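Residue-level listing of the chains:
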Amino acid sequence: MSKKRIAVIPGDGIGVDVCEVGVEVLEAICSKLNLDFQIDNFPYSAEHYLKTGITLPDDEVENFRQNYDAIFLGALGDSRVPTNVHAKDILLGLRFKLDLFVNFRPSKVYDENLCPLKGKTKDDINFVVCRENTEGIYVSAGASFKKGTPDEIALQESINTRKGVERIIRYAFEYAKNNNLTKVCMSDKGNAMRFEGDLWMRTFKDVAAEYPEMEISHQFVDAIVMNLVRAPEEFEVIVTCNLFGDIITDLAAQLQGGMGMAASGNLNPGKVSLFEPVHGSAPDIAGKGIANPLAAVMTVQMMLDYLGFKEASLLAEKSVLEAISTKNVTKDLGGNLTTKEVGKFLVDFVKNN
Ligand code: NAD
Ligand code: IPM
Ligand code: MN
């Protein structure tokens, strides 16, 4: 197989620490399995923006599009940039400009002690959320009028196109079909958001008609978050809009043991895609060396799988399972290792297995 090129953007806060571990594990896997990967670092972050005024140049997006197979990103968010403009340009910029229309976020329990729900086993929590990733409220369409006056008005529009809604729904059905799953649930808030809900529901029914073998359902977003806590075993594939996908997947992360466990892929199938943990820059623990790097390593696992390196991806997953079962984990999972120590454990495991 030809050389693969990975662009790494560690970003802000704990993004830097967990990315370092992710890259170490990736490098260990590459040398173990003789894989030819070129890993290049990029500085885009709050620090870089504060120093240079640059968030993410357009020609860099083109560079990623033309010369890279995947992007691995840590996290973005820093109190010194209260507008969050750099995160908007870098993270949302890459999602939009590279047309990464699927935000693929699995929720799986690796060890039932990590699940906060009483009586739920590994079999009960194993579903994926297919979050629309290029439209909705995230397009930033809107305006402020009479700002700062008592008559101030803020408009925030949610943009939904037939094409955008259809392609994420079709992705969800195809994912179910290709993975021997049969349940696809669409979630929206059509009882309050009429126009958007109408488009999502009609499109869902139209696409579902092409997959008669699937068991389809619909739940309003307030109901689905309640049901994910009450009976997570009822779900296999969830498809939803950008905003609801963001909210549902923080809850889904907790079901699998916390923000330090959840991986995600921002995908445009067949094209350069972006992989990142679901969590953010975690200012409350940044700089303390205690961030859980397992979400980042599972993100590397997802990236390897996406790029077609099955054995490498399994090795990444095995290293994470071993860290969990032997309690070589950080404080959030009940262990007492630092981020770097977990990294060392994972790298040693890869070398010796
Ligand atoms: P967060 O995910 O950063 O943190 C939420 C909670 O989870 C915190 O208590 C944190 O300590 C904990 N946590 C998160 N990741 C962890 C890990 N790997 N190990 C152990 N504990 C972990 O969410 P937040 O506090 O709402 O956001 C902080 C900043 O990150 C904000 O600026 C936000 O916009 C940004 N953010 C960025 C991304 C991204 O880059 N993809 C995602 C979410 C939030
Ligand atoms: C995520 C994050 C982002 C989002 C933020 C940082 C804009 O929360 O990737 O889940 O809302 O998509
Ligand atoms: Mn989020």
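Since the structure is predicted, the reported quantities are computational estimates derived from the model, not experimental observations.

Draft legend 1. Local environment of the packing of helix α1 (residues 14–33) against helix α10 (residues 310–325). Look at α1 against α10: their axes get within 10 Å of each other, and the N-to-C directions meet at 130°. Considering the angle they form, α1 stands oblique to α10. Where α1 crosses over α10, the handedness of that crossing is right-handed. Contacts from I29, K32 and L33 of α1 reach α10 at E311, A312, L315 and A316. Broken down by class, the residue content of the contact of α1 with α10 amounts to five nonpolar, no polar and two charged.

Draft legend 2. Quick peek at the site of ligand 2. Inspection of the region around ligand 2 gives R95, R105, R131, Y138, D246 and E276 as its neighbouring residues. With respect to ligand 2, the side chain of R105 contributes an N or O atom lying 2.9 Å from an oxygen atom. Between ligand 2 and D246, the relevant distance is 2.9 Å, taken from an oxygen atom to a side-chain nitrogen or oxygen of the residue.

Draft legend 3. How the structure looks around the site of ligand 1. Near ligand 1 there are 20 residues, and of these E276, G280, A282, D284 and N292 occur at the shortest range. Between an oxygen atom of ligand 1 and a side-chain N or O atom of D284, the distance comes to 2.7 Å. Within the contact set of ligand 1, a nitrogen atom lies 2.9 Å away from a backbone nitrogen or oxygen of N292. Within the complex, the protein chains bury 67% of what would otherwise be the 810 Å² of accessible surface of ligand 1. Taken together, the residues of the shell around ligand 1 break down into ten nonpolar, seven polar and three charged.

Draft legend 4. Here's a closer look at the domain arrangement of the protein chain. Assigned domains within the protein chain: domain 1 (1–100 + 269–353) and domain 2 (116–255). Just the C-alpha atoms count here: the centres of domain 1 and domain 2 sit 25 Å apart. Residue-level contacts link eight residues of domain 1 with eleven residues of domain 2. Overall, the association of domain 1 and domain 2 removes approximately 740 Å² of surface from exposure, summing both partners, and the carbon and sulfur fraction of that is 55%. Among the residues domain 1 hides against domain 2, the three largest losses belong to R95, F96 and V278. Together they make up 55% of the total. In this structure, the connection of domain 1 to domain 2 is made through one salt bridge. Across the salt bridge formed by R167 and D99, the nearest N and O atoms sit 2.8 Å from each other. Between domain 1 and domain 2 we count two residue pairs in polar contact (both at pLDDT 80 or more) in total.

Draft legend 5. Spatial organisation of the sheet that holds strand β1 (residues 4–11). Ordered in space as β2-β1-β3-β12-β11-β4-β5-β10-β8-β9, the ten strands form an open sheet in which the pairing is mixed. Two strands bound the open sheet, and with one partner strand each, they are β2 (37–41) and β9 (215–220). Looking at each pair of strands side by side, their axes are set apart by 20° on average, direction ignored. Across three bridges, the pairing between strand β4 (residues 102–108) and strand β11 (residues 263–267) is antiparallel. Each bridged residue has a counterpart across the sheet, and for V102 the counterpart in β11 is L267.

Draft legend 6. Here's a closer look at the pattern of salt bridges. For the structure on display, the rule yields 23 salt bridges. In this structure, D40 and R5 form a salt bridge, with 3.5 Å as the shortest nitrogen-oxygen distance. One end of the pair, D40, is in strand β2; the other, R5, is in strand β1, with 35 residues separating them in the sequence. By relative accessible area, which is 18% here, D40 ends up buried.

Rules behind the numbers
- Residues numbered from 1 in each chain as written.
- Chains lettered and ligands numbered in written order.
- Predicted model: local features only at pLDDT ≥ 70, side-chain atom pairs only at ≥ 80, totals over all residues.
- Heavy atoms only, no water.
- Axes fitted to C-alpha atoms, helices over the stretch in contact; angles between N-to-C directions.
- Helix = DSSP H or I, 4+ residues; strand = E, 2+ residues; numbered from the N terminus.
- Parallel < 35°, antiparallel > 145°, perpendicular 65-115°, else oblique.
- Left-handed = near helix turned anticlockwise from the far one by under 90°.
- Contact = heavy atoms within 4.5 Å.
- Nonpolar A, V, L, I, M, F, W, Y, C, P; charged D, E, K, R; others polar.
- Near = heavy atom within 4 Å.
- Polar contact = N/O pair within 3.5 Å; in protein donor to acceptor, adjacent residues only side chain to side chain.
- Areas by Shrake-Rupley, 256 points an atom, 1.4 Å probe, with all protein chains shown as cover.
- Domains from an automatic or database assignment.
- Buried area = accessible area lost by both parts, 1.4 Å probe.
- Salt bridge = Lys/Arg side-chain N within 4 Å of Asp/Glu carboxyl O.
- Pairing = 2+ DSSP bridges.
- Buried < 20%, exposed > 50% of the residue type's maximum accessible area, 1.4 Å probe, protein only.

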